[in-house]
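What follows is the residue order along each chain.
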Amino acid sequence: MREVLRSELVRIKALIATTAILTIIVSAVYFLEPEAVNHLWQGRMRPAYLYEILLPFILFELWVHAVISRHLKLDRDVPVYRRYLGALIETSMPTIALALHIENMGMIKALGFVGPMAYFIFIILSTLRLDFWLSTFTGFVAAAELFGMAIFYHPAVAPDPSPTSITTRPAASSC
């Protein structure tokens, strides 16, 4: 139990560090290259979007870190339902970010942007929980939420033309 809780603390520190670095990088890009950000986000990005997602996530992880540290000092285990609830909340953060990306940059760009890749960070770091079923749950939640976002924001009309509708030019004839 103690090793599991220590491993959980390492995982939480990795999540906090990754999120803090991401916040710093995105903030720097926003302030140093506003033209590139406006082009990518079609003029709808403001720093508050970033802080509305990442800062509450960091605060949540700090709270979880404090709870686990307290349980470790008291030599008690964290209840199982808390672990699953924490995994659900953590894995839902990329879904919220992806929803903001879709609303502001469009579905095609957002699904190809970094938002869906954030799920992999949570899935990979879930192995530090040292619980197969909790890691499986994390992967299932990530897959279900990403699939749900893709289905919910599926365009009514295909954004790309079908290959059969593209006309080809006839080859130039030689005389």
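Look up a bit, the structure's there.
Residues numbered from 1 in each chain as written. Predicted model: local features only at pLDDT ≥ 70, side-chain atom pairs only at ≥ 80, totals over all residues. Heavy atoms only, no water.

Participant: I tried to follow the overall build of the chain on my own but got confused; where do I start?
Facilitator: What the chain contains, in helices and strands, is seven helices and zero strands. When the helices and strands of the chain are read in sequence order from the N terminus, they spell out α-α-α-α-α-α-α. Classification of the 175 residues of the chain by burial places 36% in the buried group. Once local pairs closer than 6 in sequence are excluded, the contacts in the chain between residues at least 24 apart make up 77%. Of the roughly 11,000 Å² of accessible surface on the chain, a fraction of 71% belongs to carbon and sulfur atoms. (Helix = DSSP H or I, 4+ residues; strand = E, 2+ residues; numbered from the N terminus. Buried < 20%, exposed > 50% of the residue type's maximum accessible area, 1.4 Å probe, protein only. Contact = heavy atoms within 4.5 Å. Areas by Shrake-Rupley, 256 points an atom, 1.4 Å probe, with all protein chains shown as cover.)

Participant: I would appreciate a short explanation of a nonpolar patch on the surface in the present structure.
Facilitator: On the surface, a cluster of nonpolar side chains totalling about 260 Å² of accessible area is made up of Ile21, Ile25 and Val29. By relative accessible area, which is 47% here, isoleucine 25 ends up partly exposed. (Patch = residues over 30% accessible without salt bridge, like charges linked within 9 Å, V, L, I, M, F, W, Y side chains within 5 Å. Salt bridge = Lys/Arg side-chain N within 4 Å of Asp/Glu carboxyl O.)

Participant: Looking at this structure, how should I read the pattern of salt bridges?
Facilitator: Tallied over the full model, the rule gives seven salt bridges. Here arginine 2 and aspartate 75 are joined by a salt bridge, their closest N and O atoms 3.0 Å apart. Residue arginine 2 is found in helix α1 (residues 2-32), and its partner aspartate 75 is found in the loop between α3 (47-73) and α4 (80-105); the two are separated by 73 residues along the sequence. Given a relative accessible area of 47%, aspartate 75 falls into the partly exposed group. Glutamate 8 serves as the salt-bridge partner of arginine 11, at 2.7 Å between the closest nitrogen and oxygen. Note that arginine 11 and glutamate 8 are positioned in helix α1 at a spacing of three residues, about one turn of the helix. Each member of the pair, arginine 11 as well as glutamate 8, carries the same accessibility label: buried. Through salt bridges with shared partners, a single network forms among Glu8, Arg11, Glu90 and Arg129.

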